[in-house]
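Chain by chain, the residues:
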Amino acid sequence: MLGRLVSAAPVFLLVAARCLALVLTMPLLSNSSIPRRAKIALAAYMAYFVLPSVSLDSGVYGAYASYISADGAFNLDYAFLLAGEALIGIIMGFFINVIFGAFSSAGQFFSHQMGLAVASAYDSLNQVENPLMGEFFNFAALLVFLQNHWFQEIFLGALKTSFSSLNAFSIVNHQGQLLTFMLSSLTSLFTNALVLALPIMGTLFLINVTMGILSKAAPQMNLISDGFPILLLMGYFIIIILLPYLCDFFTECFVSGYRSLERLFVSLGGGGI
């Protein structure tokens, strides 16, 4: 094993750079509570298993052959290749984070209406303070993500086949398509967040309108104190009723995101997943 890695050290480092960048930016694995040694070890094992399918003689990595010296000496060209490979892994991890960001944003949209504006929790996935309902949606989406084996789909599907369809030069030669992909990803983030939040926001809005009419019709009713538990209970009730449909929508978001990543690989490198 060691002799094989030493003989193909330049290629192994390029593969490991992409794997490590994905591990460091992917939800759950990017958590700061996971030791760095474990992340590096996971990326090294991933690179070791991908290495047999990568060669400087053929495939997309054949474009690197003229930039890697015969003796494997480190030079500036090789440093740029490492940076390009890491950028590919970061793009993949960023897009997965965008998908999860939609679920967190959805919770932020209606937390204020439910009366949970000041209730927040520490989001261990993104290392930021997150409203309570956004954190709930994040964990629910993470459970759906794990249950449907999307980790395996990303590592065995997207990552492995990206080595046969994408290299650092693809990023340089198709900057416009990459920028369009990033902007469309952010657009889909807010679109998915609104689709998730609108049923709850709409229902809570109607309750607020109803309480406003009642306060005008019966001023003696103390709706300020009574309205808070009503909004809170109704919000939880709606979430419980919609939870099966929300889980189905989580799955659809992951499927559509995976297909968008596939289309990006097709447009940049001429390959697919």
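Cut-offs applied
- Residues numbered from 1 in each chain as written.
- Predicted model: local features only at pLDDT ≥ 70, side-chain atom pairs only at ≥ 80, totals over all residues.
- Heavy atoms only, no water.
- Axes fitted to C-alpha atoms, helices over the stretch in contact; angles between N-to-C directions.
- Helix = DSSP H or I, 4+ residues; strand = E, 2+ residues; numbered from the N terminus.
- Parallel < 35°, antiparallel > 145°, perpendicular 65-115°, else oblique.
- Left-handed = near helix turned anticlockwise from the far one by under 90°.
- Contact = heavy atoms within 4.5 Å.
- Nonpolar A, V, L, I, M, F, W, Y, C, P; charged D, E, K, R; others polar.
- Core = buried A, V, L, I, M, F, W, Y, C linked by side-chain atoms within 4.5 Å.
- Buried < 20%, exposed > 50% of the residue type's maximum accessible area, 1.4 Å probe, protein only.
- 1 Å grid on protein atoms, 1.4 Å probe; cavity = no way out; pocket = protein on both sides within 12 Å on 5 of 7 lines; lining within 4 Å.
- Points joined across faces, edges and corners; volume = space filled by probe spheres on them.
- Expected span 1.5 Å × (residues − 1).
- Patch = residues over 30% accessible without salt bridge, like charges linked within 9 Å, V, L, I, M, F, W, Y side chains within 5 Å.
- Areas by Shrake-Rupley, 256 points an atom, 1.4 Å probe, with all protein chains shown as cover.
- Salt bridge = Lys/Arg side-chain N within 4 Å of Asp/Glu carboxyl O.

Caption draft 1: Geometry of the packing of helix H2 (residues 9–25) against helix H3 (residues 36–50). Interhelical geometry of H2 versus H3 gives an angle of 135° and a closest axis separation of 8 Å. Here H2 is positioned oblique relative to H3, judged by the angle of their axes. Read as a crossing pair, H2 and H3 show a hand that is right-handed. For the pair formed by H2 and H3, the contact residues are Phe12, Val15, Ala16, Cys19, Leu20, Val23 and Leu24 on the first element and Lys39, Ile40, Leu42, Ala43, Ala44, Met46, Ala47, Tyr48 and Val50 on the second. Considering only residue class, the contact of H2 with H3 consists of 15 nonpolar, no polar and one charged.

Caption draft 2: View of the nonpolar core. By size, the foremost hydrophobic cluster in this structure holds 76 residues, and its most contacted members are Val15, Met26, Tyr61, Phe103, Phe250 and Phe254. Elements with a minimum of two residues in this core: H2, H3, helix H4 (76–114), helix H5 (132–147), helix H6 (150–162), helix H7 (168–173), helix H8 (175–217) and helix H9 (223–269). Residues contacting Phe250, with those up to four places away along its chain left out, are Phe103, Phe137, Ala140, Ala141, Val144 and Leu196.

Caption draft 3: Spotlight on empty space enclosed by the protein. For the structure shown, the criterion picks out two cavities of 30 Å³ or more. Lining the largest cavity are Phe95, Ile96, Ile99, Phe145, Trp150, Ile154, Phe254, Gly257, Tyr258 and Leu261. Elements that contribute at least two residues to the lining of the largest cavity include exactly H4, H6 and H9. A per-element tally of the lining of the largest cavity places H9 first, with four residues. Considering only residue class, the lining of the largest cavity consists of nine nonpolar, one polar and no charged.

Caption draft 4: Spotlight on H4. Taking 1.5 Å as the rise per residue, H4 with 39 residues should run 57 Å; its terminal C-alpha atoms sit 55 Å apart, in good agreement. Note on H4: the residue one or two positions beyond its end, Gly115, has a positive phi of about 90°.

Caption draft 5: Molecular detail of the side chain of Lys39. By secondary structure assignment, the location of Lys39 is in helix H3. Take Lys39: its relative accessible area is 8%, and that puts it in the buried class. Residues contacting Lys39, with those up to four places away along its chain left out, are Leu20, Val23, Leu24, Leu29, Ser30, Asn31, Ser32 and Ile34.

Caption draft 6: Highlighting a nonpolar patch on the surface. On the surface, Leu87, Ile90, Phe94, Leu179, Leu183 and Leu186 cluster together into a nonpolar patch covering about 510 Å² of accessible area. Those elements that place two or more of their residues in the nonpolar patch are H4 and H8. Take Leu87: it is sitting in helix H4.

Caption draft 7: Local environment of H2. Here H2 contains 17 residues, and its C-alpha end-to-end distance of 24 Å stays within 8% of the 24 Å for a straight helix at 1.5 Å per residue. Across the 17 residues of H2, 12 count as buried, placing the element largely inside the fold. Residues of H2 that are buried include every one of Pro10, Val11, Phe12, Leu14, Val15, Ala16, Ala17, Arg18, Cys19, Ala21, Leu22 and Val23, and no others.

Taken by themselves, the reported measurements are silent on function.
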